[in-house]
Amino acid sequence: MLKTRLDLDRIRAARRVIDPMFLDTPLFRCEALGRALGCAVSIKLETANPVRSFKARGTELVASGLSDQGRTAAVCASAGNLGWALGWSGRRRGLDVTVVASRRAPAAKLDRIRALGVALEVVDGDFETARQRAVDIAQRRGIRLVEDSLDIETCEGAATIGLELAERASSFDAVLIALGGGAMATGVGYALKALAPGAEVICVQPQGAPAMTRSWRRRQVITTDSADTIADGVAGRYPIPAVLDDLLKVADDAVLVQEASIVTGMRMLLEHAGLVVEPSAALGVAAVLEDPDRFAGRDLVTIICGSNVDLDDYHRWVRPSAAHGR
């Protein structure tokens, strides 16, 4: 068995804790997208739920654990999806949730957090600024600081996606996973390596936010001074050492893709699958676009990890000709 921070028995037990509405998400072959890309492509749709992303699989575990411990409050820094998911999971269990986000986060994500009625603090600067503010709040109030990817619940919650994929492992030979902080990549990767080791685990990150991919390649933490990508959900600059250690054990490859390929991937998911997705969810398609020979004729799964996108931004990226024609 792989030696990482994750545990297969805990991951299996997580399925009994996570609200069933976040489990067993659709997995389907998208023939039109496959024809366009020159390979067989199946979509694992993690957006068909109340928070439109996979993050609630992890926050359900966090919130359940806090409730069992009699704790009443938590705070997190978020680019948007984690905050919405923690607010949703926390509200169901009577937890007082505070979310700290950068002013640069998509307005649509911030609006959805506010709509939950949880406390939202918006700060100047990037995600790392928000994270430091969340640390300060947790220390001052003596409450749980929820840190995506560092907290094992966020990784093992995401790993339940891997359990579901492993049940269908005979139908694909590679899985493309968006890589940011690493919760989904390490979680899904761990489950697949434990239960379906024949599947190649390929992580995909934007060239404008390459910290974790560079770290994976060098086998040591590499930070960056800035992040410049439309894929806000994966725009971290400071990889977490423990998460990198896990990623090194479960990822077969980590690749970087250009912004133009991400936009084209979003457009193809709309045209061929009828899906409106946020940029992070198109990273897998972008990877195939940039290296078609590698994937030609293969059977792939790409995880559609989120659909929380500002519609004005979406139209500007995906439908420029329509925007000019108005």
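Before going into details, it helps to say that this report is about the structure given with it.

## With respect to unusual backbone geometry
Then, number 1: Notably, R52 is not glycine yet its phi reads approximately 60°, a positive angle.
Then, number 2: Tracing the chain through its elements places R52 in the loop between β2 (40-45) and α3 (56-68).
Then, number 3: Unusually for a residue other than glycine, S149 sits at a positive phi of about 75°.
Then, number 4: In this structure, S149 sits in the loop between β6 (144-146) and α7 (152-166).
Then, number 5: The class for S149 is buried, based on a relative accessible area of 2%.

## Re the side chain of E278
Then, number 1: Here E278 shows up in the loop between α11 (259-273) and α12 (283-290).
Then, number 2: Beyond its immediate chain neighbours, meaning those up to four positions away, E278 contacts N81, K109, M266, G306, S307, N308 and V309.

## Looking at the pairing of strand β7 (residues 174-178)
Successive side chains on a regular strand alternate, one facing one side of the sheet and the next facing the other.
Then, number 1: Within β7, 5 of the 5 residues are buried, leaving the element largely enclosed by the surrounding structure.
Then, number 2: Here β7 shows no split at all, with A174, L176 and A178 on one side and V175 and I177 on the other all buried.
Then, number 3: Both β7 and strand β8 (residues 200-206) contribute to a ladder of 5 bridges, which runs parallel. Bridging across to β8, A174 finds its partner in E200.
Then, number 4: In the classification by handedness, the crossover that spans β7, the intervening helix α8 (residues 183-195) and the parallel β8 is right-handed.
Then, number 5: Looking at chain direction, β7 and strand β10 (residues 299-304) are connected through 3 bridges and run parallel. Bridging from a neighbouring strand, A174 pairs with L300 of β10.

About the cut-offs
- Residues numbered from 1 in each chain as written.
- Predicted model: local features only at pLDDT ≥ 70, side-chain atom pairs only at ≥ 80, totals over all residues.
- Heavy atoms only, no water.
- Helix = DSSP H or I, 4+ residues; strand = E, 2+ residues; numbered from the N terminus.
- Buried < 20%, exposed > 50% of the residue type's maximum accessible area, 1.4 Å probe, protein only.
- Contact = heavy atoms within 4.5 Å.
- Pairing = 2+ DSSP bridges.
- Right-handed = clockwise from strand over helix to strand, strands pointing away.

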